[in-house]
Every structure is written in structure tokens, then in C-alpha cells.
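Summary of structural features
Next come the chains, spelled out residue by residue.
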Amino acid sequence: MRTLPSRRGVMTAGVATALSLALAACGGGSGGGATTAPAAAPSASAAVQDALSKPAELTFWTWVTGIEKTVARFQAKYPNIKVNVVNAGQSADQYTKLQTAIKAGSGAPDVAQIEYFALPQFALSKQVVNLAEYGSDALKDKFAPAAWGQVAINGGVYGIPQDTGPMAMFYRKDIFEKLKIEPPKTWAEFIEAAKKIKADNADNFITSIDPGDAGGVDSLIWQAGGAPFKTSGENQVSVTLTTDPGVKQFVSTWGTLLGEKLVDPQPGWTDEWWKGMGSGKYAVWMTGAWAPNGIINSIPQTKGKWAVAPMPQYDAAKPMNAENGGSSVAVIPQSKNIPAAVAFAQWLNSDPEAVKSLNEEAGLFPATKTLLDDQAFRDAPQEFFGGQKINQVLGDASAAVKADWQYLPFQVYANSIFKDTVGQAIDGGGDLAGALKTWQDRISAFGTEQGFTLSSG
């Protein structure tokens, strides 16, 4: 399972600076929304298939534990291609090394794992291959729409979806049963449940919220129906963190929760946080579908105490969900064998055998419809969760994801300043709406400096 930085989408300022230089050099923009990619040239598509039968050696940068088992399956099927799996660091660490190698003109891998939130910047600066030119656009219908929407950027396809993180509510059923709380179906019910938990024990909370986690807040805004980041054309970017209806829903709900001290502003994935998860200090973890392995491995003593339910809704009649985390596999132009690299990336993330292996042996929640719709996958009882068929809940959560979310073409920078803007209000119980405006102002100023045309509201 991937650990915190890859899921939260937290990036260091150093990576933001490196990527901003690439943005400034290209002087253009790229959107995060899906568009129809041009048909691949037959010769390029054929070259990808031919590459599977020819000798090649590839380097694959990834931080996913256990993915070597899936790669071994590829090599058993296509023995002419040797794949060297390298852990070059996780998320921000890997991106820094990747930027350095690209700038130096040598040392980059053939294939690299890149999270959805960071992919637009790599695509914008032409640091990843447009896979539509090699026929990968033909894979679109194999994937959940929301997953494909994150790799289809500005008319091209810049990665193959590897995994997704549709949000769900992981909750301590022992606590809920003790306090006679039903899993809240709406956010209004969630607030009432939070009050019951606080009334029972003033030291406990229904959940926590990480002041440094831009990705987590983005997901909550997305789940509220928000779309505050939009890119159109070559360089038109809008940032509407002050007027977007979904943002306002988020501010109203979480402003109440924070103001009444019903949730704990606590950095996630620390020893203290896991201790709170294990002790029952936190009754709920609202996060991506990749979470079960983290719970099982980090707090095994809570076996049988957890269950999974859909996210609370603002309008129960119109269920809406969001992603939290997830990655693509991209091909780097520096590769000396791009067709083989494309063939490997396609197989790794779309072949049924590979996708099943990624789920069972690497703990990744699938992006492909093949596994999401598989009845055996959906109906498998999970012993740790008291025998609950949690993949039914998580599969439905994936189907409910609002697919039109876009990340900024400089989301890495936006995330790097989140803690010093919105995070301050979360941590100190301040003006959440005002902090979002400050975040917007700084995002807009940066984008303008990079040559984008910004509009805001």
C-alpha cells in the first residue's frame, strides 16, 4: 500500500519551484478535463504491439510496495523485455529526481508513476509522452470515466490510469453501536453524530482533518459538487474558490465542525494519529478506497471493529462522490524504447491479469471497469471488516464519482502553499472562507507570473 504523501498529494516547495521553471519555459497551459484524443498513426500503434516480441530493457520508477509481483507476470509473458523496478522515492521525492534527470538529459526512467494531481504539469511541459500518438486513446472505455478524465489532458493522453481512490466513510462500528449512531447519510446527520460522540467523551472526535493536506480538502470540495479549478484552451485558467457552490458547501459544513471543535485538526499518518485511530479517539476516516490495507497493517488490533459506508451527501437524492488519491503510469520522452515502454504501461494497467495482481498483491484499488464490475471482486467478504463485502460499497463509490474535476496546471505549487493559507485556518479555527480567498489570490498571482491568463471569483 502507498503511504501518506502519495495519497494526500502534499508536495514540497522545492518540487513546485522545479516544475514552475518548466512551466515558465513553455509559457502555455493545459487543462485536466477529458477530451477526445486524435486517432493514433497506424505505424505507431503497430510499433507498440511489435515491441512486445523484441528485446528491450526498461526502467520503471514506482513506490508501490509489492508491484514487483505484477511486473514479474509481465516478464513471464513477454520474456524479451526486462523491466527494472526502482523505488526512486515517494511522490515529491521521486518528482524532484525526475525533474533533475529530465533537465540533465540523462538518468530518467522509461516509465514513471505520477499522481493525477501532478500529471497536468508534466504534460504541460512535455515531460511525458502523449500516449494517444501510440494508440493508448483506444483504452478509454476500459477505465472508470473519472480515472480516464485525469489522464486525458488538453486533447492528449499522458498516462495510463493505475489506481483510484473513490471516497468512502470508514467507521468504527463498535463506537457507532455503543452510541446508537447510524452511519450518517447526509452531512447534517454527520454533524449530529459528531455532537453525540463529543458529548460521550470530550476528548474524542468523529474524525480529523489534516491542516497540511490540500488533496484532502480538494476531495471534500469535489464531493460537495465543486469545480473551482478550470483550464481551457492553451492558457486560460479560472480559480473560483470564493464563489464555487461546492466550496461554499464545504465551508459551511467544515466551518461548523471546526468552530464547534467536533473534528480534530491533526496531521495524518503520524504515530499520534494512528494511535488515535486505534484507540477510538477518531470514529471515522473519510478517505480513498485504498485505505483498508493501511488500517489492517497499522492498527491490526482493531480487527472486526471497522465497517465501510458511502460518503455523507448534501443531497441524498443525488449521490455524488470524489476521488482521494490515485496515480497514472507515464512514459518519459528520454526513453530509448518508447514503443516498449508504452506496451508495458498499457499491459500493467489494463490487462485483466495485471489489474487483479495490482489489487491483490499490491493493494491498489482498481481503475478498470473489468475489475470494478467483476462480481467475484464485489462479493468477496473481508474478514478484517467483520465479513462485510466492502468492495460493493467501494465499487458503488467509484461509479458515483463526479467525473469533471480538473486540477490546476500548476497544482503542485498550489498544494505547496496550502498549509500556510487554508491550513492556518483549519489548525487555528479561523476564517475558512477568508483563508480560501488568500489561497486563491496566491494561486492566481503565481499562475499569472507563469504566463497563464487567470480569472477568479
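The structure under discussion appears in the preceding block.
I will try to describe carefully the structure that is included in this document. (Residues numbered from 1 in each chain as written. Predicted model: local features only at pLDDT ≥ 70, side-chain atom pairs only at ≥ 80, totals over all residues. Heavy atoms only, no water.)

So, the overall build of the chain
The number of helices and strands found in the chain is 21 helices and 14 strands. Relative to a compact globule of 457 residues, whose C-alpha radius of gyration would be 23 Å, the chain shows 21 Å and is just as compact. Based on the C-alpha atoms only, the size of the chain along its principal axes is roughly 65 × 50 × 40 Å. By residue count, 60% of the 457 residues in the chain fall in the buried class. By sequence separation, contacts in the chain at least 24 residues apart represent 78% of the contacts at least 6 residues apart. (Helix = DSSP H or I, 4+ residues; strand = E, 2+ residues; numbered from the N terminus. Rg over C-alpha atoms; globule rule 2.2 N^0.38 Å. Buried < 20%, exposed > 50% of the residue type's maximum accessible area, 1.4 Å probe, protein only. Contact = heavy atoms within 4.5 Å.)

Brief notes about helix 21 (residues 432–449)
When the terminal C-alpha atoms of helix 21 are compared, their 26 Å separation across 18 residues agrees well with the 26 Å that a helix rising 1.5 Å per residue should span. Among the residues of helix 21, those classed as buried are Leu 432, Ala 435, Leu 436, Trp 439, Gln 440, Ile 443, Ser 444, Phe 446 and Gly 447. Remark: Gly 451 follows helix 21 within two positions and exhibits a positive phi of approximately 100 degrees. (Expected span 1.5 Å × (residues − 1).)

With respect to the nonpolar core
With 151 residues, the main nonpolar core has Phe 170, Trp 254, Trp 285, Trp 439 and Ile 443 as its most contacted residues. Take this core: its biggest share by element is 9 residues, from helix 14 (residues 338–350). The residues touching Trp 285, leaving out its near neighbours within four places in the chain, are Ala 168, Met 169, Phe 170, Thr 207, Trp 269, Trp 273, Trp 274, Met 277, Trp 290, Ala 291 and Ile 295. (Core = buried A, V, L, I, M, F, W, Y, C linked by side-chain atoms within 4.5 Å.)

What about the pattern of salt bridges?
Pairing between side chains of opposite charge can happen when their charged atoms approach one another. The full count for this structure, using the stated rule, is 11 salt bridges. Two residues, Lys 77 and Asp 351, come together in a salt bridge whose shortest N-O distance is 3.8 Å. In this pair, Lys 77 sits in helix 4 (residues 67–77) while Asp 351 sits in the loop between helix 14 and helix 15 (352–362), placing the two residues 274 residues apart along the sequence. Judged by relative accessible area, Asp 351 falls into the buried class, the value being 15%. With its nearest N and O atoms 2.9 Å apart, the salt bridge here joins Arg 172 to Asp 174. Shared partners join several salt bridges into a network, and the residues in it are Arg 73, Glu 353 and Glu 361. (Salt bridge = Lys/Arg side-chain N within 4 Å of Asp/Glu carboxyl O.)

Digging into the sheet that holds strand 9 (residues 236–239)
Strand order in the open sheet formed by 3 strands is 8-9-14, with mixed pairing between adjacent strands. Of all the strands in the sheet, the pair left with one neighbour each is strand 8 (229–232) and strand 14 (453–456). Averaged over all adjacent pairs, the angle separating strand axes in this sheet is 20 degrees, with direction ignored. In terms of strand pairing, strand 8 meets strand 9 through 4 bridges, oriented antiparallel. The partner of Lys 230 across the bridge, within strand 9, is Ser 238. Against the sheet, helix 21 contacts strand 8, strand 9 and strand 14, and its axis sits at roughly 165 degrees relative to strand 14. (Pairing = 2+ DSSP bridges. Axes fitted to C-alpha atoms, helices over the stretch in contact; angles between N-to-C directions.)

These figures capture arrangement, not role.
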